[in-house]
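# Remarks on the overall topology
The lines below spell out each chain.
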Amino acid sequence: WIGRSEGAELEFRIQKSENTIRVFTTRPDTLWGATYMVLSPEHELVEGLTTDEKRAAVEEYRAAAARKSDLERTDLAKDKSGVFTGGFAINPVNDERVPVWIADYVLASYGTGAIMAVPAHDARDLEFAQKFELPVRVVVEAPEGESLGFVGDGTSVESGFISGLPTTEAKAMPPANRNVTRNAGRRCICAATLVNKKAGGGSATCTASLKSASNRT
């Protein structure tokens, strides 16, 4: 292990299903900007997510991905490819329906084999979104300059109850909403319920475990 990341493990409920998609992110403050999800072609939930209309295309793409090495699949210079499964997941903080894609740049062997895509604040996700005309939503305002594509620390915007918070505070979540415990072998485990206080509307909840994770790079 070369790298060590701290962040949140989140669950997105699959529409019309009891199953959930688990993702690990080092930027839980950008959850409001997640406009689509990507699974590795080998992910165990792909079969159930895929609609009959999309099945042939998905199976063809999975077969092609299986013939590539991990190095080929994660080459940053290569043209991004992917296929929409026809399925949707629910963003836990705003109840928005987000499309679930498969793409070979996501590996089953890395993390959970799934990502929440925040194209406004990740270069790879932005390239994918622009190619397939997927929504892009800025949720972190840069201290100066262009916010689209900004990946550093700024100020949360369009992000429910964390709007206006600097990144360091937004990532930690409001203290009133978290219960922090310590556990041997991990720096911190946090069971958190995030509440999106929408004007004139109800609330959406999600459960997140903030933890220290070792990632291979």
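Up top is the structure.
These numbers come from a predicted model, not from an experiment.

## A word on the overall build of the chain
Across its full length, the chain holds five helices and eleven strands. For the chain, the proportion of its 217 residues judged to be buried stands at 47%. Put simply, of all contacts in the chain between residues at least 6 apart along the chain, 58% involve residues at least 24 apart. Summing over all exposed atoms, the chain offers an accessible surface of approximately 11200 Å²; the carbon and sulfur share of this is 49%.

## What to know about unusual backbone geometry
In this structure, Lys16 is a non-glycine residue whose phi angle is positive, near 60°. Within the secondary structure, Lys16 sits in the loop between strand 1 (3-14) and strand 2 (20-25). Even without a glycine there, the phi angle at Glu158 is positive, about 50°. Mapped onto the elements of the fold, Glu158 is located in the loop between strand 8 (155-156) and helix 5 (167-172).

## A closer look at helix 4 (residues 123-132)
Asp125, Leu126, Phe128 and Ala129 are the residues of helix 4 that are buried. With its buried residues spanning 165° around the axis, helix 4 presents them on a single face. Opposite the buried face of helix 4, by more than 90 degrees, sit the exposed residues Ala123 and Gln130. On its buried face, helix 4 is in contact with strand 3 (36-39), strand 5 (97-102) and strand 6 (114-117). Capping the start of helix 4 is the job of one residue whose side-chain oxygen sits 3.1 Å from the backbone nitrogen of Arg124: Asp122. One or two residues past the end of helix 4 sits Glu133, with phi positive at roughly 55°.

## So, the side chain of Ser156
Within the element layout of this structure, Ser156 appears in strand 8. Given the relative accessible area of 2%, Ser156 is considered buried.

## Regarding the packing of aromatic side chains
For the coordinates displayed, the defined rule picks out eight aromatic pairs. Look at Phe84 and Trp101: their rings are 5.9 Å apart centre to centre, the planes differ by 35°, and that puts the pair in the tilted class. Linking Phe84 in strand 4 (residues 83-90) with Trp101 in strand 5, this pair joins segments that are 17 residues apart in sequence. What makes Trp101 buried here is its relative accessible area of 9%. Measuring from ring centre to ring centre gives 5.5 Å for Trp101 and Phe128, while their planes differ by 85°; the resulting arrangement is edge-to-face. Of this pair, Trp101 sits in strand 5 while Phe128 sits in helix 4, and the two are 27 residues apart along the sequence. Each member of the aromatic cluster is reached from another via a ring pair, and the members are Tyr36, Phe84, Phe88, Trp101, Tyr105, Phe128 and Phe132. Above the plane of the ring of Phe88 lies Arg97, whose end atom (NZ or CZ) is 3.7 Å from the centre.

## A look at the pairing of strand 5
Counting buried positions along strand 5 gives five out of six residues, so the element sits mostly inside the fold. Here strand 4 runs beside strand 5; their pairing, made up of five bridges, is antiparallel. Following the sheet pairing, Ile90 is matched in strand 5 by Arg97. In this structure, the hairpin formed by strand 4 and strand 5 is closed by a connection of six residues, where Asp95 is found at a positive phi of approximately 65°.

## Brief notes about the pattern of salt bridges
Opposite charge on two side chains permits pairing when their charged atoms draw close. Summed over the entire model, instances satisfying the criterion amount to twelve salt bridges. The partner of Arg27 in a salt bridge is Asp29, with the nearest N and O atoms 2.8 Å apart. What makes Asp29 buried here is its relative accessible area of 0%. Of the charged contacts in the structure, one is a salt bridge between Asp104 and Lys68, with a shortest N-O distance of 2.8 Å. Of this pair, Asp104 sits in the loop between strand 5 and strand 6 while Lys68 sits in the loop between helix 2 (55-66) and helix 3 (70-73); the two residues are 36 residues apart in sequence, bridging distant segments of the chain.

Calculation notes
- Residues numbered from 1 in each chain as written.
- Predicted model: local features only at pLDDT ≥ 70, side-chain atom pairs only at ≥ 80, totals over all residues.
- Heavy atoms only, no water.
- Helix = DSSP H or I, 4+ residues; strand = E, 2+ residues; numbered from the N terminus.
- Buried < 20%, exposed > 50% of the residue type's maximum accessible area, 1.4 Å probe, protein only.
- Contact = heavy atoms within 4.5 Å.
- Areas by Shrake-Rupley, 256 points an atom, 1.4 Å probe, with all protein chains shown as cover.
- Arc of directions from axis to C-beta.
- Polar contact = N/O pair within 3.5 Å; in protein donor to acceptor, adjacent residues only side chain to side chain.
- Phe/Tyr/Trp six-rings, centres within 6.5 Å; stacked < 30°, edge-to-face > 60°.
- Lys NZ or Arg CZ within 6 Å of the ring centre and 35° of its normal.
- Pairing = 2+ DSSP bridges.
- Salt bridge = Lys/Arg side-chain N within 4 Å of Asp/Glu carboxyl O.

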